[in-house]
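So you can see what is in the structure, the chains are spelled out below.
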Amino acid sequence: MTRRHWLAVAGYGLAITLSVLGAFALALAWQERGEEQAVTISFLTLALAQLWHVFNMRDRGSGFLRNDITGNGYVWGALALCVTLLLVAVYVPGLARVLKVVDPGAVGWALAAGMSLVPWVVGQVLKQATAG
């Protein structure tokens, strides 16, 4: 891997880390959620951010909506399967108890979804800025 690749890996890792910590802090402070819900929201933020990260893997200079990633049916199938597994983890009582996750509620899901998109947005902006 080149130096540019290592910097990209570190940058994406930092963006995901900051979005997860931000979701946790917002859940605790702004939404005044309990610790269990805040931990669940941060877990969901991490999981979703990793799922959306696949869209940052498009080639620089490729189309935003039409590229090798968005055109791959296996990517969409994997995303659907993983989101389903997250829903199962939260809403199947026995599994939720083992994983120590709780229902974050609609606002918690929105926070997790919104914060999980931050690394993707940052990646797309940087990819567009360095294209060419």
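Bear in mind that the values here come from a model prediction, so they are computed numbers and not experimental data.

1. Section: unusual backbone geometry
So, point 1. The backbone of Lys 100 sits at a positive phi, close to 60°, despite the residue not being glycine.
So, point 2. Topologically, Lys 100 is positioned in the loop between helix H4 (93–99) and helix H5 (105–116).
So, point 3. Owing to a relative accessible area of 68%, Lys 100 belongs among the exposed residues under this scheme.

2. Brief notes about a nonpolar patch on the surface
So, point 1. A cluster of nonpolar side chains, contributed by Val 88, Val 92, Leu 95, Val 98 and Leu 99, occupies part of the molecular surface with about 390 Å² of accessible area.
So, point 2. It is H4 that contributes the most residues to the nonpolar patch, three residues altogether.
So, point 3. In this fold, Val 88 is placed in helix H3 (residues 73–91).

3. Brief notes about the side chain of Ser 42
So, point 1. Position of Ser 42 among the secondary structure elements: in helix H2 (residues 35–52).
So, point 2. A distance of 2.8 Å separates a polar atom in the side chain of Ser 42 from the backbone oxygen of Val 39.
So, point 3. Beyond its immediate stretch of four places on either side in the chain, Ser 42 contacts Val 20 and Phe 24.

4. A few points about the nonpolar core
Across soluble globular proteins, nonpolar side chains have a tendency to be buried as a group.
So, point 1. Core analysis: the biggest nonpolar cluster contains 20 residues, and Ile 41, Leu 44 and Leu 86 have the highest contact counts within it.
So, point 2. Elements supplying a minimum of two residues to this core: helix H1 (3–30), H2, H3 and H5.
So, point 3. If you tally residues by element for this core, the top one is H2, at six residues.
So, point 4. When near neighbours in sequence (up to four residues on either side) are disregarded, Leu 44 contacts Leu 86, Val 90, Pro 104, Trp 109 and Ala 112.

Conventions used here
Residues numbered from 1 in each chain as written. Predicted model: local features only at pLDDT ≥ 70, side-chain atom pairs only at ≥ 80, totals over all residues. Heavy atoms only, no water. Helix = DSSP H or I, 4+ residues; strand = E, 2+ residues; numbered from the N terminus. Buried < 20%, exposed > 50% of the residue type's maximum accessible area, 1.4 Å probe, protein only. Patch = residues over 30% accessible without salt bridge, like charges linked within 9 Å, V, L, I, M, F, W, Y side chains within 5 Å. Areas by Shrake-Rupley, 256 points an atom, 1.4 Å probe, with all protein chains shown as cover. Salt bridge = Lys/Arg side-chain N within 4 Å of Asp/Glu carboxyl O. Polar contact = N/O pair within 3.5 Å; in protein donor to acceptor, adjacent residues only side chain to side chain. Contact = heavy atoms within 4.5 Å. Core = buried A, V, L, I, M, F, W, Y, C linked by side-chain atoms within 4.5 Å.

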